[in-house]
Amino acid sequence: MSEHERTFVMVKPDGVQRGLIGDIVSRFEDRGLKMVGGKFMQIDQELAEEHYGEHEDKPFFDGLVDFITSGPVFAMVWEGQDATRQVRTMMGETDPAESAPGTIRGDYGLDLGRNVIHGSDHEDEGANEREIELFFDEDELVDWDQIDSSWLYE
Ligand SMILES: Nc1ncnc2c1ncn2[C@@H]1O[C@@H]2COP(=O)(O)O[C@H]2[C@H]1O
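This structure is a prediction, so every number in the text was calculated from the model and none was measured.

**Student:** With reference to specific residues and values, describe the overall build of the chain.
**Tutor:** Counting secondary structure elements, the chain contains eight helices and four strands. Beginning at the N terminus, the succession of helices and strands in the chain can be written as β-α-α-β-α-α-β-α-α-β-α-α. In terms of C-alpha radius of gyration, the chain reaches 15 Å, essentially the compact-globule figure of 15 Å for 154 residues. The burial tally for the chain puts 46% of its 154 residues in the buried class. Partitioning the contacts of the chain with sequence separation of at least 6, the portion at a separation of at least 24 is 78%. Taken as a whole, the chain presents about 8700 Å² of accessible surface, with 46% of it coming from carbon and sulfur.

**Student:** Explain the UniProt feature "domain: Nucleoside diphosphate kinase-like" (unreviewed entry) in the chain to me, using residue names and the numbers behind them.
**Tutor:** The residues that UniProt annotates with the feature "domain: Nucleoside diphosphate kinase-like" (unreviewed entry) are residues 4-143. Along residues 4-143, the helical share is 39% and the strand share 17%, with 10 Å between the first and last C-alpha atoms.

**Student:** Any chance you could break down the site of the ligand for me, citing the residues and the numbers?
**Tutor:** Every residue close to the ligand is listed here: Lys12, Tyr52, His55, Phe60, Leu64, Thr94, Arg105, Leu112, Asn115 and His118. Side-chain polar atom of Lys12 to an oxygen atom of the ligand: 2.7 Å apart, as the coordinates give it. Contact distances for the ligand include 3.2 Å between an oxygen atom and a side-chain N or O atom of Asn115. For the ligand, whose free accessible area comes to 450 Å², the fraction covered by protein is 75%. In this structure the site holding the ligand corresponds to the largest pocket. Residue classes in the shell around the ligand are distributed as four nonpolar, four polar and two charged.

**Student:** Residue-level account of the pairing of strand β3 (residues 73-79), with values.
**Tutor:** In terms of residue burial, β3 counts as a mostly covered element, since seven of its seven residues are buried. Side chains Val73, Ala75, Val77 and Glu79 of β3 all project onto a buried face; the interleaved residues Phe74, Met76 and Trp78 project onto the opposite face, where all are buried too.

**Student:** I'd like to hear about the layout of surface pockets, residue by residue, with values.
**Tutor:** In this structure, the largest pocket spans a volume of roughly 500 Å³. The wall of the largest pocket is formed by 22 residues, among which Lys12, Tyr52, His55, Thr94 and Asn115 lie closest to the centre. Across the lining of the largest pocket, the residue classes tally to six nonpolar, eight polar and eight charged.

**Student:** Go over the packing of helix α2 (residues 21-31) against helix α5 (residues 83-91), please, and point to the residues and values.
**Tutor:** Where α2 meets α5, the axes come as close as 12 Å, and the angle between the chain directions of the two elements is 130 degrees. The orientation of α2 with respect to α5, classified from their angle, is oblique. At the point where α2 passes α5, the crossing takes the right-handed sense. Residues Arg27, Phe28 and Arg31 of α2 form the contact with α5, whose participating residues are Gln86, Val87 and Met90.

**Student:** Tell me what's going on with helix α7 (residues 127-135), and back it up with residues and numbers.
**Tutor:** Three or more residues of α7 are buried, namely Ala127, Asn128, Glu131, Ile132 and Phe135. Buried residues of α7, seen end-on, are gathered within an arc of 120 degrees and therefore sit on one face of the element. In this structure, α7 carries Glu129 and Glu133 as exposed residues pointing more than 90 degrees from its buried face. Looking at the packing, one finds that the buried side of α7 touches β1 (6-11), β2 (34-41), α3 (45-51), β3, α5 and β4 (117-119).

Calculation notes
- Residues numbered from 1 in each chain as written.
- Predicted model: local features only at pLDDT ≥ 70, side-chain atom pairs only at ≥ 80, totals over all residues.
- Heavy atoms only, no water.
- Helix = DSSP H or I, 4+ residues; strand = E, 2+ residues; numbered from the N terminus.
- Rg over C-alpha atoms; globule rule 2.2 N^0.38 Å.
- Buried < 20%, exposed > 50% of the residue type's maximum accessible area, 1.4 Å probe, protein only.
- Contact = heavy atoms within 4.5 Å.
- Areas by Shrake-Rupley, 256 points an atom, 1.4 Å probe, with all protein chains shown as cover.
- UniProt positions renumbered as here; feature names shortened; annotations may be inferred.
- Near = heavy atom within 4 Å.
- Polar contact = N/O pair within 3.5 Å; in protein donor to acceptor, adjacent residues only side chain to side chain.
- 1 Å grid on protein atoms, 1.4 Å probe; cavity = no way out; pocket = protein on both sides within 12 Å on 5 of 7 lines; lining within 4 Å.
- Sits in = over half its atoms within 2 Å of the grid points.
- Nonpolar A, V, L, I, M, F, W, Y, C, P; charged D, E, K, R; others polar.
- Points joined across faces, edges and corners; volume = space filled by probe spheres on them.
- Axes fitted to C-alpha atoms, helices over the stretch in contact; angles between N-to-C directions.
- Parallel < 35°, antiparallel > 145°, perpendicular 65-115°, else oblique.
- Left-handed = near helix turned anticlockwise from the far one by under 90°.
- Arc of directions from axis to C-beta.

Shown next as structure tokens:
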């Protein structure tokens, strides 16, 4: 299993407005994951429609696009062993109501349409690469050595 698996994660406008960026970043850092990209940004209509393209035919699509463009987001790329699955476990279920306490959505969310955070789907093989490329240029991702890596990995 690669220590260099990269996964795309984004604090959504509700998480930004509620001041949760710092807590969310801390949770991933505490877990031992390494941030290799981070960008505070405003998503425009075109990027929103492309990012959520798979939901185009769903009844919630227009509301989802309106919401994700309604304020700034914090987009990130995290690296580590089994990073995609670890992040998804830490986020909880898509619906905060189904998410266990201790998970990000289980601690901070109540409503499906305001679920604080997005992470690439680990069951969709191309999702990470697609979403990382959509949000970040190659030169915005940083290769660096984490000083505690020999204590995190065998
Ligand atoms: N009925 C719904 N089913 C699934 N996702 C929904 C629904 N309504 C809104 N959404 C949002 O659509 C988003 C799609 O991917 P996310 O992981 O960002 O989180 C999802 C939810 O916030």
